[in-house]
Amino acid sequence: MKKRAKQLSFLKNVVKLAIIMAVFIAAAVSAAQGKLRESEPILRVKIGGMHQKISIALPGGGEILNHKGRKIRTIRGKSGFTWAIGSGKRKKRVEHLNETLTFAGRKNQVTLNGKIYRGRMLVKFTNTGAIAVNHVGIEDYLRGVVGSEMGSMSPAESLKAQTVIARTYAYANRGKHGSEGADVCDSTHCQVYQGILAERESINKAVDGTRGIIMISEGKPIQALYHATCGGMTSDNDKVFGGTACSYLRRVICPFCKDSAHFRWVKTLNLNEFKSAMAKENIHFNHLIDLGYESPGLMDRVDKVFLVTDKGEFSVKGTTFRRLFDLKSTTFTLGNRKNVKAVISAAAVIKPESEPDNDRVQIVLAGMGETATDGPAQLIIQTAKGLKRVTRPETGWQTVVCRQISEIEPADSVLLSRNEMTRSSASGQIEKIEIFGRGYGHQVGLCQSGAIELGKRNWSYRQILPFYYSNVALRQLGY
Ligand SMILES: [Zn+2]
Ligand SMILES: [Zn+2]
């Protein structure tokens, strides 16, 4: 009996020790995790605009802190915080006027007006409304962003490319909403951020798989612009937005988006639609005699559209023309179907059949030397068609990120002659306008349809990104 009791007490001690050790290990692990979370940079994201009403809940409870970080209220379980601004004649006293309160949940989660976010919520109360700013770890922020910018069903490497773009955007635009106490906002003005509801497993993997990685040029995070579909080639930033040319936002040929629904598009307008849209620009006429446009090339960016009418000649900017008719892009051509077919086949450079030689275009080499004999005689290179053995060309290795061209065939001005438009047989005036275009979006930077196709072809994000952004480097931030 005695022996048994001794054994039991020994066992008890072993169990006690195991429990103590388990608690110790758990504490050490959570301390390490806590440290990890602390060192991850915090991004301040403005949620919505001026809120007239605020309703906040802290799942699992938490506390409200004042601007000095002192606890002013504990929130338990399902209780919450509500606030509304007085309106109309019975203007009430604004509660918490000019105060900023911090809502900190025990689970590091907070619900604002029914939407749940990671991190904390800071709310500033003013007499015109409340400004809510979510303080969230940058990696947690990305979990709620990437799925809104690219479908979560996209290939894993394409999602990683989009994640690096979103992270780079966040770093490059810190303080963009500084006057509102935020870095970025949650709308298309910056990047659409939907919080926890938008999180998906595939997105989380892309975020974890690229943790801390951004694109830099000359030591700074780049302005990583992207668009839905380029339609055969992207555009230089300065040609689209004006301003100075950016070394990494150069035109590249992208044949990879040709299966996209927006690769080519057609829009037909009748004369009445055309007239009423032009009236918004203060252009009034009865008869449209001729229509022409100015563009650097065929089916390239349209800078200006010219109208010859019975009330005189007018012109509108290509970007205005796009907005007036809700066109997918400013790269289009005007004319009748038959004529446009001939025009497009003449523009061989953007014909889908003219897809550049994959093996040549997709080679990414850097710093292989200055002369023709520098560097190794052979290289194994990752191409879209798999690994390829390539011998040194006679001209030597070059730094090739992708084929870049500054402009396609120059054509100062294209004025279509009378018989190229659909005209009324009686009056000879234009009665139907057909617009043929390529691509969707501003066409600067990465083409998402192309990036998705490249992901399907097993390109890694480290290959996809330098294809669209010239001369950039990836940097791993240390957290
Ligand atoms: Zn914004
Ligand atoms: Zn493309």
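Before any of the text, the structure's been laid out above.
What counts and what doesn't
- Every chain begins its residue count from 1, and numbering advances along the sequence as written.
- All chains are assigned letters beginning at A, and all ligands numbers beginning at 1, according to the order in which they are written.
- Only residues with pLDDT of at least 70 are given local features in this predicted model, and only at 80 or more are side-chain atom pairs given and counted; all residues enter the totals for whole chains, interfaces and linings.
- Here the rule is simple: two strands pair whenever DSSP picks up at least two bridges between them.
- Where helices and strands are cited, they refer to DSSP runs of H or I of at least four residues and of E of at least two residues respectively, numbered from the N terminus.
- Once C-beta atoms are placed from the backbone, each residue is buried if 20 or more other C-beta atoms lie within 10 Å of its own, exposed if 12 or fewer, and partly exposed for counts between those two.
- An arc is given here, and it is the one of the directions from the helix axis to the C-beta atoms.
- Throughout, a pair of residues is in contact if the C-beta atoms placed from their backbones lie within 7 Å.
- Axes, fitted as lines to C-alpha atoms, cover a helix only where it is in contact. Angles between the N-to-C directions of the axes lie from 0 to 180 degrees.

**Thoughts on the sheet that holds strand E1 (residues 42-51)**
Two pairing modes exist for strands in a sheet, parallel and antiparallel, and in both the strands are linked by backbone hydrogen bonds.
Thought 1: Strand order across the open sheet formed by seven strands is E4-E3-E6-E9-E10-E1-E11, with mixed pairing between neighbours. Only two strands of the sheet have a single neighbouring strand rather than two, namely strand E4 (71-75) and strand E11 (184-185).
Thought 2: Relative to strand E10 (residues 129-137), strand E9 (residues 120-126) runs antiparallel, the two being bridged by seven bridges. Residue pairing in the sheet places Met 121 in a bridge with Asn 134 of E10.

**Quick notes on helix H5 (residues 201-208)**
Thought 1: Listed in full, the buried residues belonging to H5 are Ile 203, Ala 206 and Val 207. Across the axial projection of H5, the buried residues extend over an arc of 100°, all falling on one side.
Thought 2: Looking at the buried side of H5, the elements it contacts are helix H2 (138-143), helix H3 (146-149) and helix H4 (156-172).

**Regarding unusual backbone geometry**
Thought 1: Phi at Glu 218 takes a positive value of approximately 50°, unusual for a residue other than glycine.
Thought 2: Along the chain, Glu 218 falls in the loop between strand E12 (213-217) and strand E13 (220-221).
Thought 3: Given 10 C-beta atoms within 10 Å, Glu 218 falls into the exposed group.
Thought 4: Backbone geometry at Asp 326 places phi at a positive 55°, although glycine is not the residue there.
Thought 5: A count of 8 C-beta atoms within 10 Å places Asp 326 in the exposed class.

**With respect to the sheet that holds strand E2 (residues 53-57)**
Thought 1: One open sheet holds the four strands; their spatial order is E5-E2-E7-E8, and the pairing between them is antiparallel. With partners counted over all chains shown, the strands left at the sheet margins are strand E5 (80-84) and strand E8 (115-118), one partner each. Averaged over neighbouring strand pairs, the angle between their axes works out to 20° when direction is ignored.
Thought 2: Where E2 and E5 come together, five bridges link them in antiparallel fashion. Paired with Ala 57 across the strands is Gly 80, a residue of E5.

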